[in-house]
Structure formats: C-alpha cells, structure tokens
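Spelled out, the chains give:
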Amino acid sequence: MTATEHLTDTTLASLDLHASLQQGLQEMGFTHCTPIQALTLPQALQGHDVAGQAQTGTGKSAAFLLATFQRLLSQPVDPDQHNGKSTRPRALILAPTRELAIQIHKDAEAIGKHSGLRLALAYGGAGYDTQRDRIAAGCDILIGTPGRLIDYFKQHVFDLKGIEVVVLDEADRMFDLGFIADIRYFLRRMPEPTKRLNMLFSATLSHRVLELAYEHMNDPKLLKVEADTMTADRVTQLLYHVANDEKFSLILGLLNKLKPERGLIFINTKRVGERLTDMLQVNGWQAEILSGDVPQNKRVRLLHQFQNGELPLLVATDVAARGLHIPEVTHVFNYDLPQDAEDYVHRIGRTARAGAEGDAVSLCCETYVYSLPEIEKYIGHPIPNAQIEEGLLVRDFKHAPRRERKPRDNRSGGRRSGGGQRSSQSRGRR
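Residues numbered from 1 in each chain as written. Predicted model: local features only at pLDDT ≥ 70, side-chain atom pairs only at ≥ 80, totals over all residues. Heavy atoms only, no water.

**Quick look at the overall build of the chain**
(1) Moving on: In terms of regular secondary structure, the chain is built from 16 helices and 13 strands.
(2) Moving on: For the chain, the proportion of its 430 residues judged to be buried stands at 57%.
(3) Moving on: Summarising the internal contacts of the chain: among those between residues at least 6 apart in sequence, 78% fall at separations of at least 24. (Helix = DSSP H or I, 4+ residues; strand = E, 2+ residues; numbered from the N terminus. Buried < 20%, exposed > 50% of the residue type's maximum accessible area, 1.4 Å probe, protein only. Contact = heavy atoms within 4.5 Å.)

The following block contains the structure:
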C-alpha cells in the first residue's frame, strides 16, 4: 500500500477555506483529505459540532485546526466577549500528553503560517515562566495539556470568557490519565455550548466519551472512521509463544534477524523497561527508555534522535502508544502483551502511519498470555503464530548489572503541574 492510498477523492481546494489556509496547505504539499478529514471538515466548517472517532496519525489534527482557523478568520472578534483583553484567547485546544500538544502546535504553525493568528503552547515539565509570559502577552489559539493550563488559569494568566472554539483531542486518553475533572472545570467556565464550535476526537466513542460530548457540546454530529481495523489491517503481525525466562533471548534474536532501522519496543512497566534497556545496551544495541517520568528535555532529545534515525530502538511504556507523531517506524515489538486490547492496536499503529505499512511482532509469555483472547476478539482475527526457529534464541548474551533502587520520596511539592502528569484532583499516574 502506498502512502497516498489512505486519501479520499475530496480535495482540500474544494472546501471553502480562507485563502491564507489554502496557501499554508499548498506549501505543506497537502492536496486531498484523509477519511476523517472528509467526514468532519464539511460539518465543522458549516458550524456543526463534531465528535469524531479517529486515531493519531489519520489527519485529525489538520481537520480540527483547519476548522478552528476558518472559524476565527471568518468571524470578527466579538467586542462584548473580548473587551480589549489580550489575555482572552478565542480558541482552546486540549491534548492529553505534552508530545501531542507540541505536535499540534507545530502543525498549527504550518497551517496558519499566513493567517496572522497568534498561537501559544503550554505543557508540563519545561519552560514554566516562558510559557506563562507568552500566554500573558496574548494569543488567539491556546494549545496545551490540562495540568499546566489549569495552573495558569488559576493564576489568572488567561480567562475563558472569549472562547469561540474548543477542541478535545484523544478524549479517551484524557479519561485514562485522570484529566476529566480538569476538562469539565474548563468547559463550565466558557461561554455556553451554543455560542462556540465544539470538536471532540477520540480513538473510541465509548459511553463515557459520548456522555462528555452530549453534556458539553451542542448536538454533535457523531462521525466514525474505523481506524483501529484499518491500522491493524496494514500491519504484518506475528506472535511468538515464549517462556518468561527466554523472552530476552528471543527479542535479541529477533532484533539480530530483522535489524530494524527504527523500532519501538513496548513493555508494561517502567521497571521491566529499564532492565530491558540495560540488557540491550550491554549486548550491542543502542536503546533508550521512554516512560512517564522521563524529564521533558530528555524526552524531546530522545524523540528527536529516534525520529532522525540516530537512535534505532526506543523502549516505551504505553505513555508513548498514543499522541506521538513518529514517522517511518519500521517495527513494533510487544515485549509484553498489553493488558488492554485497545492498547494493542494503538501500539502496532505506530508502524502504520498515514497509510504506510509496518511489522508488529509480539511475545506471548506466561505472564501476559491471558490478554491474548481479548486482543484477538477485539481485532477480529487470530494473530498469526510463528515458530521459534533454530538459532533464533540467543543463549550467549551478556548480563547487565542491576540498577540500585532509590527509596520512594513521598514528599509533595517541587514540581509544578503540567502535561504528562495528573492534576491535583487526580494523582498517581504510573
């Protein structure tokens, strides 16, 4: 499948978009809509609220960004709402993770390059004062993660009385990370739903997501692209049944055989990820771990190295399964089978971005074999089994020294809330 086969016949030029947006799209080389764009853009551009089902990597960011820019460019500023206040943004875009917020901001800069609208970005882990000053200086579109934004809001850095567009991206992930209390806090302080354009996107339109949509949106149009199935169909999947004590022997053999240029290895816990990373390093593989508590500057550096091909392997917990835009991932390895069937699809979807194909190899061990029936039921077919060939298990590998565990520090304070962490109402993210 080529990278253009995921596009529809609907051209972006056929949509009634502002000339500055068309110019930005042309410079980016975008000509046709993806399925989620073809479904949602006509509705949103007509002013209808949209609840769309789509995964990261299917073009939904461009869909809601185009609708947001178009709304702000086509309607004059309401003087009663803004009252000359520079700290009153016109649009708010909320994302569950800092990586996704950064990517949305990057896309917004490109799409709205010629629009004249001002952007601001807020996420946790870095740049607290710089981000605060940028928002205080005034913006039209504010993009960020709930934790950091609610911190600034309570300091009166900005207010929500002038919001004309609100976007909730990856709403199901917002629930997973415990951000929904913060989301409702924001929504209740905006103009009523009939006075704004509301857009919600989620990998699944579950009952809890739909409840949020119906409570805080204005009769939203429910639009679904079965992205989960599409992604799974584009990925070549293999499953190896393996004993717990042979997992590392097998993953090392698979890496030696497949020689991935850019591979993601998913694990279920940080501790296993650290051990696996150390073992890979002493056995000649350049690998690093990406988990929820990796400092922001290191996360940015690791992702940059991985995207540029300087780092061939990234070991990741499910914090990396959604919201990361990493093109050209050649292989995904499930060192641990996920305990949630949806997470399996999100993981393997990292190697089927924007219509591309990829390979996903899963290790089914004694600990997580019980997740397999639910995963196969969710994707609608059994995962093809592969036999462990002679020589695929590497027996003569080196052992890495065990890391010393520091005592857990339960003291509070020290770090301001922000993206990638739960807010004060909901702590304890793994």
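**Observations regarding the pairing of strand 6 (residues 197–202)**
(1) Moving on: Taking burial as the measure, the 6 residues of strand 6 include 6 buried ones, the bulk of the element.
(2) Moving on: Side-chain alternation along strand 6 places L197, M199 and F201 on one buried face and N198, L200 and S202 on a second face that is also buried.
(3) Moving on: The sheet contact formed by strand 1 (residues 50–53) and strand 6 spans 4 bridges and is parallel. The partner of V50 across the bridge, within strand 6, is M199.
(4) Moving on: Here strand 5 (residues 165–168) pairs with strand 6 via 4 bridges, running parallel. (Pairing = 2+ DSSP bridges.)

**With respect to the side chain of S371**
(1) Moving on: When you line up the elements, S371 lands in the loop between strand 13 (358–364) and helix 16 (372–379).
(2) Moving on: In this structure S371 comes out as buried when scored by relative accessible area, which is 9%.

**Concerning helix 7 (residues 146–154)**
(1) Moving on: Across the 9 residues that make up helix 7, a large majority, 8, are buried.
(2) Moving on: Listed as buried for helix 7 are P146, G147, R148, L149, I150, D151, Y152 and F153.
(3) Moving on: One or two steps after helix 7, the chain reaches H156, where phi turns positive at roughly 65°.

**With respect to the packing of aromatic side chains**
To describe a pair of aromatic rings, you give the distance between the ring centres and the angle between the ring planes.
(1) Moving on: Within this structure, the stated rule accounts for 7 aromatic pairs.
(2) Moving on: Between F248 and F397, the aromatic rings sit 5.1 Å apart at their centres with planes inclined by 75°, giving edge-to-face as the arrangement. A residue pair is termed long-range when its members are at least 10 positions apart, and F248 in helix 12 (residues 247–258) and F397 in the segment after helix 16 qualify at 149 residues. Across this residue pair, the class does not change: F248 and F397 are buried.
(3) Moving on: Following the ring pairs from residue to residue traces out a cluster consisting of F153, F158, Y185 and F186.
(4) Moving on: Cation over ring: K154 sits above Y185, and NZ or CZ is 5.3 Å from the ring centre.
(5) Moving on: The ring of Y335 has K247 lying over it, and the distance from NZ or CZ to the ring centre is 4.5 Å. (Phe/Tyr/Trp six-rings, centres within 6.5 Å; stacked < 30°, edge-to-face > 60°. Lys NZ or Arg CZ within 6 Å of the ring centre and 35° of its normal.)

**Overview of the pattern of salt bridges**
(1) Moving on: With the rule as written, the count across this model stands at 14 salt bridges.
(2) Moving on: D159 is paired through a salt bridge with R88; the nearest N and O atoms lie 2.8 Å apart. With D159 in the loop between helix 7 and strand 5 and R88 in the loop between helix 4 (79–82) and strand 2 (91–94), this pair connects stretches of sequence that are 71 residues apart.
(3) Moving on: Owing to a relative accessible area of 7%, R88 belongs among the buried residues under this scheme.
(4) Moving on: In this structure, R118 engages D140 in a salt bridge whose closest nitrogen and oxygen atoms are separated by 3.3 Å. Note that R118 is positioned in the loop between helix 5 (98–111) and strand 3 (119–122) and D140 in the loop between helix 6 (128–136) and strand 4 (141–144), a separation of 22 residues in sequence.
(5) Moving on: Because the salt bridges share partners, they merge into one network encompassing K270, E274, D278 and R403. (Salt bridge = Lys/Arg side-chain N within 4 Å of Asp/Glu carboxyl O.)

**A word on the pairing of strand 12 (residues 331–334)**
(1) Moving on: Where burial is concerned, the two faces of strand 12 agree: the one with H331 and F333 and the one with V332 and N334 are both buried.
(2) Moving on: Examined bridge by bridge, strand 9 (residues 263–266) and strand 12 share 4 bridges and lie parallel to one another. Of the residues in strand 12, the one forming a bridge with L264 is V332.
(3) Moving on: Pairing of strand 12 with strand 13, which is carried by 4 bridges, proceeds in the parallel orientation. Bridge pairing in strand 13 places N334 opposite S362.

**Focus: the sheet that holds strand 4**
(1) Moving on: Pairing in this open sheet of 7 strands is parallel, and the strands run 3-4-2-5-6-1-7 from one edge to the other. In the strand order of this sheet, the two ends are held by strand 3 and strand 7 (221–224), each with one partner. Taking the axes of each pair of neighbouring strands and ignoring which way they run, one obtains an average angle of 15° across the sheet.
(2) Moving on: Sheet contacts for helix 2 (residues 35–45): strand 1, strand 6 and strand 7; angle to strand 7, the most-contacted strand, approximately 165°.
(3) Moving on: Running over the sheet, helix 6 touches strand 3 and strand 4 and is turned about 150° from strand 3. (Axes fitted to C-alpha atoms, helices over the stretch in contact; angles between N-to-C directions.)

**A few points about the nonpolar core**
In a soluble, globular protein the nonpolar side chains are often hidden away together inside.
(1) Moving on: Formed by 43 residues in total, the largest nonpolar core has its most connected members in F248, I265, L276 and L280.
(2) Moving on: When residues of this core are traced back to their parent elements, those giving at least two are strand 8 (235–241), helix 12, helix 13 (270–282), strand 10 (287–290), strand 11 (313–316), helix 15 (341–348), strand 13 and helix 16.
(3) Moving on: Sorting elements by how many residues they give to this core places helix 12 first, with 6 residues.
(4) Moving on: Non-local contacts of L276, meaning those with residues more than four positions away in its chain, are made with F248, I251, I265, I267, V315 and Y335.
(5) Moving on: Counting 40 residues, the second-largest nonpolar core is a separate cluster that includes V50, F64, I93 and A101. (Core = buried A, V, L, I, M, F, W, Y, C linked by side-chain atoms within 4.5 Å.)

**Some thoughts on the packing of helix 2 against helix 3 (residues 60–74)**
(1) Moving on: Viewed as axis vectors pointing N to C, helix 2 and helix 3 meet at an angle of 15°, and their least axial separation amounts to 9 Å. When the interaxial angle is binned, helix 2 and helix 3 end up roughly parallel. By crossing handedness, the relation of helix 2 to helix 3 is classed as right-handed. Only K60, A62, A63, L66, A67 and Q70 of helix 3 make contact with helix 2, whose side of the interface consists of I36, Q37, T40, L41, A44 and L45.
(2) Moving on: Along the lines of polarity and charge, the residues of the contact of helix 2 with helix 3 split into 8 nonpolar, 3 polar and 1 charged. (Parallel < 35°, antiparallel > 145°, perpendicular 65-115°, else oblique. Left-handed = near helix turned anticlockwise from the far one by under 90°. Nonpolar A, V, L, I, M, F, W, Y, C, P; charged D, E, K, R; others polar.)

Geometry only, nothing functional implied.
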